[in-house]
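Topology and contacts: notes
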Amino acid sequence: MGLDSGGAGRTDCTTDGADGSRWDTGVEDDSGAVLKAVGRQIKLWREAAGLSQAELGAAIGYSEEMVSCVERGRRAPRPEFLDNADRVLEAAGKIAAMQGDVAEARYPKKVRDLAKLEDNAVELGAYSNHNMHGLLQTEEYARALFAMRRPAYGEDEIDSHVAARMARQEIYGRRPAPLLTFVLEEVTLQRPVGGRTVLRRQLQRLLDIGQLRHVEMQVMPTDREEHAGMAGELRVLKIKDGTTVGYSEAQLTSRLISDPREVQILEMRYGMIRAQALTPRESMAFIEKVRGET
């Protein structure tokens, strides 16, 4: 993710909600080049075997249209697609070996950039005001968010975005573990994204994550008169090399902030937000109460 002269890199899509600036999302950035290269290789192997797209599809359990989309780089093939194609085309592992490249290309570059940033963080603090932070979301909650996006995503796009979001949650198993702190607006605990059942399981997820020793979760009650986060959600990440960066999201855009003066403002605001919110212990009790009422 590049930075402009003002120390802020911009992307065309938010990462923890479901928004995006493009009407037709499709395959984007360098992912497209990877998928087209994989598709060309599959086509060459198929033609060398003397099979049509329909015949290959029938042999590996996919439609002719899907084979065509994969060969044109319009769809990322799943591991089983590559494994079966490798077997049927007798590629001796050469097609199956592309699974690693395809797995990375399945996720938009902006999400991969954010995931890499999170992977290099020794401390991450995030304030969320409309929905649960992406690192806290259950799969069904995330899917409900992407499903309500307008203009609407296709099912394959929803699957890709959900998979990318869930992959970021590998951060919880990292060793050494980073310090993760979250402040959630009270309304995010009450908005029934996906329905009451989905929300109830999401609240249980918060309670489970909140028990981790390297995670602290806080709730910002709606009745607070003083609130340092009225300008919107934000996050602050302290990186292994000692630098600190900020990250913010708004309609149709995300922004990486590296200018020390702006980062200092975000750090100050986040510190005030944490001081104004309920304590971690009070917050867990609050979440437990809301879950019991949901």
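A few points on the structure. (Residues numbered from 1 in each chain as written. Predicted model: local features only at pLDDT ≥ 70, side-chain atom pairs only at ≥ 80, totals over all residues. Heavy atoms only, no water.)

1. Focus on helix α4 (residues 79-88)
What counts here: Relative accessibility thresholds used throughout: buried, under 20% of the residue-type maximum; exposed, over 50%; partly exposed, between the two (1.4 Å probe, protein chains only). Secondary structure follows DSSP: runs of H or I at least 4 residues long count as helices, runs of E at least 2 residues long count as strands, and numbering of each begins at the N terminus. Think of it as the arc spanned by the lines of direction from the helix axis to the C-beta atoms.
Here α4 has its buried residues at F81, L82, A85 and D86. When α4 is viewed along its axis, its buried side chains cluster within an angular range of 130 degrees and face the same direction. Positive backbone phi, approximately 50 degrees, marks E90, located one or two places after α4.

2. Some details on the packing of aromatic side chains
What counts is decided by this rule: When the centres of two rings from Phe, Tyr and Trp lie within 6.5 Å, Trp using its six-membered ring, the rings pair. Their planes under 30 degrees apart give stacked, over 60 give edge-to-face, and anything left gives tilted. As a reminder, the over-ring test applies to NZ of lysine and CZ of arginine, requiring each to be within 6 Å of the ring centre and within 35 degrees of the ring normal.
Under the counting rule described, the total for this entry stands at 2 aromatic pairs. Positioned above the aromatic ring of Y153, the side-chain terminus of R149 is 4.3 Å from the ring centre.

3. Some remarks on the packing of helix α10 (residues 196-209) against helix α12 (residues 280-293)
What counts is decided by this rule: Axis geometry follows a simple rule: fit a line to the C-alpha atoms, using only the stretch in contact for helices, then measure angles between N-to-C directions, giving values from 0 to 180 degrees. Here is the rule for angles: anything less than 35 degrees is roughly parallel, anything more than 145 is roughly antiparallel, 65 through 115 is roughly perpendicular, and the remaining ranges are oblique. Crossing chirality is assigned from the near helix's rotation relative to the far helix, an anticlockwise turn below a right angle marking it left-handed and a clockwise turn marking it right-handed. Contact criterion: two residues are considered in contact whenever any of their non-hydrogen atoms come within 4.5 Å of each other.
At a minimum axis separation of 9 Å, α10 and α12 run at an interaxial angle of 160 degrees. When the axis of α10 is compared with that of α12, the two are roughly antiparallel. When you trace α10 past α12, the crossing you get is left-handed. Judged by residue contacts, R200, L203, Q204, L206 and L207 of α10 engage M284, I287, E288, V290 and R291 from α12.

4. Focus on the environment of G271
Note that G271 resides in helix α11 (residues 260-276). Along the chain, G271 and A228 lie 43 residues apart, while their C-alpha atoms are 8.9 Å from each other.

5. Considerations on the side chain of R46
Structurally, R46 can be placed in helix α1 (residues 29-48). On the accessibility criterion, R46 (8% relative accessible area) is buried. When residues no more than four places from it in sequence are discounted, the contact partners of R46 are L51, S52, Q53, L56, E71 and L89.

6. Re the pairing of strand β2 (residues 121-128)
Selection rule: Two strands pair under a simple rule: DSSP has to find at least two bridges between them.
Most of β2 is tucked away, with 6 of its 8 residues classed as buried. Where β2 and strand β5 (residues 234-239) come together, 6 bridges link them in antiparallel fashion. Residue pairing across strands places L124 opposite L237, the latter belonging to β5. Pairing geometry for β2 and strand β3 (residues 179-185), over 6 bridges, is parallel. Note that in β3 the partner of A126 across the bridge is F182.

7. Describing the pattern of salt bridges
The criterion, for reference: Basic side-chain nitrogens of Lys or Arg form a salt bridge, by our definition, when they fall within 4 Å of a carboxyl oxygen of Asp or Glu.
Considering all chains together, one arrives at 16 salt bridges under this definition. Put simply, E118 and R235 hold a salt bridge, and the shortest N to O gap is 3.8 Å. In this pair, E118 is assigned in helix α6 (residues 109-119) and R235 in strand β5, connecting sequence segments 117 residues apart. One exposure class covers both E118 and R235, and it is buried.

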